[in-house]
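The residues making up each chain are set out below.
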Amino acid sequence: MSVKNEILNKLPLPLVRYMRDHKSAGNRSGKEMFRNIGIGVDYSSQHKVLLCYVTNMFHIQKWESQRGTRDVECAALIEAFVRSHCRIDVCAYNYDGSICDDYDYIIGFGPAYRRAIEINPNAKSVLYLTEKPPRYSLQKETERIAYLFERHHIKAPLNRSGLFFKDEDIEKSDYIIMMGKEGDEKLLPNKIVYLISPTGLKSNGYSLDNKDFDKAKKHFLWMGSRGAVLKGLDVLYDAFSEVPNLFLHVAGLDSVDRRMLSRIKPANVIDHGYLYIGTDSANRVFDDCAFFLFPSCSEGVSTSTLTAMNFGLVPLATQEASVETNGIRFLKSFHVEDVVDEIKKRSESDSALLKEQAESTKIFAEKRYSLEVYSKTAFNIVQAILKHD
């Protein structure tokens, strides 16, 4: 199913019509408040909800170019509230326009969320936490920055911690919907936490039939974005400098991080730039690689790992990536020597067994991290919050 159909299938018909009309008007400012989604005839009996998240789906001009997961997840959140007989307004997390003062529930994150809960002191606030808690992330990223400096005297800046979430968000919220796996809720022992997992990107019709596992087991993939040190790419550069017969493929590397790490990049690293999932060029990279390496120090749930698993790449990730696997062990640690040991061992895998593992990984990820699972979980969480009050 296309991204367009996945989104439209999750939205109430009046909103689909609104999106059609809005698109035809060519309005793409991103500063709007989309109001009264799901409003009924007797709207006074409905809970009024504000969602501060993403609004990209209201401005999509070329559906085929949309590859992210946030839009379909936003659509599923809207669906969950409409099914729960709420009327819902939606704005971007950085929306700076006027906000009503009569909401019953406010959900989301960012500056708009913070303003909304100040304007609505009697509303129940629900933080949508897409990464580990701010204090935890700061500690872990600081450790990785120190580890890089210890090895290379490169002083990396704090790149991710505190960018979208602050400690005050945790303190001021009544409930927290947290991306993570079972056990991550213990990071917030004094809060009411509901766990949810995102969806990964996929390409309909992709098959492992043409993959040469004898060659692919020598090739590993890292996919990331801003914050390469937090996500362990510097560790992988050092590890692959010790195994010149193996190859690391890199995708999604931020230009600032690329420049910072350029002097430690070994010759057996292949930088593909940004990969557009579903294209032939992306599929060729997935065909070339058997493993996905991701020694991150802090993730809500690593969507890049989920995407790789959807394409049958066997995940070799740290526990901090918060991804459930089909029995595959996590990396022992993020230290260079442990990563070297792991990739050497994996590169000698039996090809037939590796193919079986790849196929089972793909099946597991497509089922466990599907939009259907996300939608069901979101609805159950909304129901639990409404009943709690």
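Predicted model, so just to flag it, every value in this text is computed and none were measured.

A. Focus on the pattern of salt bridges. Taken as a whole and judged by the stated rule, the model has 14 salt bridges. For glutamate 342, the salt bridge identified is with arginine 346, shortest N-O distance 2.9 Å. Here arginine 346 and glutamate 342 lie together in helix α12 (residues 336-347), a separation of four residues that amounts to about one turn. Salt bridges sharing partners connect three or more residues here, namely Arg151, Asp234 and Asp238.

B. Looking closely at the sheet that holds strand β2 (residues 48-53). If you walk across this open sheet you meet the seven strands as β1-β3-β2-β4-β5-β6-β7, and the pairing is mixed. Pairing within the sheet leaves two strands with one partner each, and these edge strands are β1 (34-37) and β7 (192-196). Adjacent strand axes in the sheet meet at a mean angle of 20 degrees, parallel and antiparallel pairs treated alike. Against the sheet, helix α3 (residues 70-83) contacts β1, β2, β3 (87-92), β4 (105-108), β5 (124-129) and β6 (175-179), and its axis sits at roughly 170 degrees relative to β2.

C. Quick peek at the environment of glutamate 320. Residue placement: glutamate 320 occurs in the loop between β12 (314-317) and α12. Spatially, the C-alpha atom of glutamate 320 lies 9.8 Å from that of lysine 181, the residues being 139 residues apart in sequence. If near-sequence neighbours (up to four positions away) are discounted, glutamate 320 is found in contact with Lys132, Tyr136, Lys140, Ser296, Cys297, Ser298 and Glu299.

Rules used throughout
- Residues numbered from 1 in each chain as written.
- Predicted model: local features only at pLDDT ≥ 70, side-chain atom pairs only at ≥ 80, totals over all residues.
- Heavy atoms only, no water.
- Salt bridge = Lys/Arg side-chain N within 4 Å of Asp/Glu carboxyl O.
- Helix = DSSP H or I, 4+ residues; strand = E, 2+ residues; numbered from the N terminus.
- Pairing = 2+ DSSP bridges.
- Axes fitted to C-alpha atoms, helices over the stretch in contact; angles between N-to-C directions.
- Contact = heavy atoms within 4.5 Å.

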